[in-house]
Amino acid sequence: MNSYSASARDIRQPATQDELLSILRCPETREPLHRASERELETLSGRRWAFRDGIASFVGANSDSHAAASDVQHLYEANRSPDAKGFMDGRSVSLDHERKCIAQLSRHFRRGGRYLLDAGSGPIAHRELLQYSTAYERRVCVDLSLPALRGAQAKLGERGIYVQGDLTNLPIATGSMDAVTCNHVLYQIPAEQQAAAFLELWRVLKPGGVAVAVYWWPGAPLAARFEELTECLGMHGAPDATEDEAYKPFEYCHSLQWFTEQNWPFRYRIESYCIVDSWFMRRRISADWRGEFLRNILCAMQRLAPEFSGRNGAVPAIIIYKD
Ligand SMILES: C[S@@+](CC[C@H](N)C(=O)[O-])C[C@H]1O[C@@H](n2cnc3c(N)ncnc32)[C@H](O)[C@@H]1O
């Protein structure tokens, strides 16, 4: 057992076959699955899916989203390192801030239960993300990328359930998850498929469950005010970050207006994850007293005015309730 596992709810056995099958469903036919062989799952109608090295694999479904999904899959599999350029600002000033923002959301996962779904888990890059599943028996990691799932597997071991699948059509049974975390994933999904992904997060929740989705509003007005403040203070971020450097791996962010105009079947609340985005941190936050000062203002504002900061800042946490 590794150091991460030690803090989590005391589950040391791998998921049994029955447990695994009870939370999965075929993304094509919506049927439940049974074990066809050592390395395959199957529906009653005969659709088979691979199950290898502890990972149930549901990619290659004949869905409209498949082509887009495989683009994201390849992007991530090509940029496996968490330090890959454009993905992360490795300076401690930015990492500390990111960790604080992640930890701030852990209050939504205190109630605990049997299953926490980590939708688009990646390799679970931060220890603070792992803390979300402390009060749950198992963390169900779903991602398109196999290397990402293997990374998650290395950290969670037998407490995890690992599923290669697409968020726009989750291979997870309706009403089977106590809570969902979906951190920095939905805006990477093609714009026209994002509503389906939001609905999927809600579908898989048990009644009374909560899903927390970290999203990204383009052109956030509050983030623009902070941009001006850094200019006044003469701040510059990481030396290798240039203003005109293209940082657009994901171009599908919808606006707050788009989100609020959807006819969602669920109740939701918008809070703040971070008023500014990671690209702002990299370009603008200096690793000196001014950076510290600005970070403190950001954190205080996010804490004191979470809803205002969530609606007007760049990176909201959208809390979805299943009543
Ligand atoms: C920016 S990473 C975030 C990883 C993790 N949630 C975190 O916050 O560190 C996005 C992850 O979402 C996955 N992803 C993107 N689109 C997806 C989709 N349609 N279905 C499942 N996973 C997806 C990618 O493979 C990648 O691992």
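To start, this report covers the structure provided alongside it. The structure displayed is predicted, hence computed values, not measured ones.

The rules behind the values
- Residues numbered from 1 in each chain as written.
- Predicted model: local features only at pLDDT ≥ 70, side-chain atom pairs only at ≥ 80, totals over all residues.
- Heavy atoms only, no water.
- Helix = DSSP H or I, 4+ residues; strand = E, 2+ residues; numbered from the N terminus.
- Buried < 20%, exposed > 50% of the residue type's maximum accessible area, 1.4 Å probe, protein only.
- Contact = heavy atoms within 4.5 Å.
- Areas by Shrake-Rupley, 256 points an atom, 1.4 Å probe, with all protein chains shown as cover.
- Phe/Tyr/Trp six-rings, centres within 6.5 Å; stacked < 30°, edge-to-face > 60°.
- Salt bridge = Lys/Arg side-chain N within 4 Å of Asp/Glu carboxyl O.
- Axes fitted to C-alpha atoms, helices over the stretch in contact; angles between N-to-C directions.
- Parallel < 35°, antiparallel > 145°, perpendicular 65-115°, else oblique.
- Nonpolar A, V, L, I, M, F, W, Y, C, P; charged D, E, K, R; others polar.
- Pairing = 2+ DSSP bridges.

### Brief notes about the overall build of the protein
- Looking only at helices and strands, one finds twelve helices and eleven strands in the protein.
- Counting every position in the protein, which comprises 323 residues, the buried fraction comes to 54%.
- Partitioning the intrachain contacts of the protein with sequence separation of at least 6 by distance along the chain shows that 74% fall at a separation of at least 24.
- Summed over all atoms, the accessible surface of the protein reaches about 14,400 Å², with 51% contributed by carbon and sulfur.

### As for the packing of aromatic side chains
- Summed over the entire model, instances satisfying the criterion amount to 17 aromatic pairs.
- Here the aromatic rings of Tyr187 and Trp216 are separated by 5.0 Å at their centres, their planes lie at 80°, and the arrangement is edge-to-face. In this pair, Tyr187 is assigned in the loop between strand S8 (177-183) and helix H7 (194-203) and Trp216 in the loop between strand S9 (205-214) and helix H8 (221-232), connecting sequence segments 29 residues apart.
- For the pair Trp264 and Phe266, a centre-to-centre distance of 5.0 Å together with 20° between the ring planes defines the contact as stacked. The same class applies to Trp264 and to Phe266, which are both buried.

### Considerations on the pattern of salt bridges
- With the rule as written, the count across this model stands at 20 salt bridges.
- Taking the shortest distance from any N to any O, the salt bridge between Glu19 and Arg138 comes out at 2.9 Å. Of this pair, Glu19 sits in helix H2 (residues 17-23) while Arg138 sits in strand S6 (residues 136-143), and the two are 119 residues apart along the sequence. Comparing Glu19 with Arg138 shows no difference in burial state: the two are buried.
- The residue Arg269 makes a salt bridge to Glu271 at a minimum N-O spacing of 2.9 Å.
- Residue classification places Arg269 among the partly exposed positions, given a relative accessible area of 29%.
- Salt bridges linked by common partners bring Glu19, Arg114, Glu137 and Arg138 together as one network.

### Concerning the packing of helix H4 (residues 92-104) against helix H11 (residues 289-304)
- Taken N-terminus to C-terminus, the directions of H4 and H11 make an angle of 10°; their axes are 11 Å apart at the nearest point. Comparing the axis directions of H4 and H11 gives the class roughly parallel. Contacts from Val93, Asp96, His97, Lys100, Cys101 and Gln104 in H4 reach Arg295, Leu298, Cys299 and Gln302 in H11.
- Here the residues of the contact of H4 with H11 sort into four nonpolar, three polar and three charged.

### Considering the pairing of strand S5 (residues 113-119)
- The buried fraction of S5 amounts to six of the seven residues, a majority that puts the element mostly inside the structure.
- Direction of pairing for S5 relative to S6: parallel, over a ladder of six bridges. Paired with Asp118 across the strands is Cys141, a residue of S6.
- Of the pairings in the sheet, the one linking S5 to S8 comprises three bridges and is parallel in character. Looking across to S8, one finds that Asp118 is bridged to Thr181.

The quantities given are spatial measurements derived from coordinates; they are silent on function.
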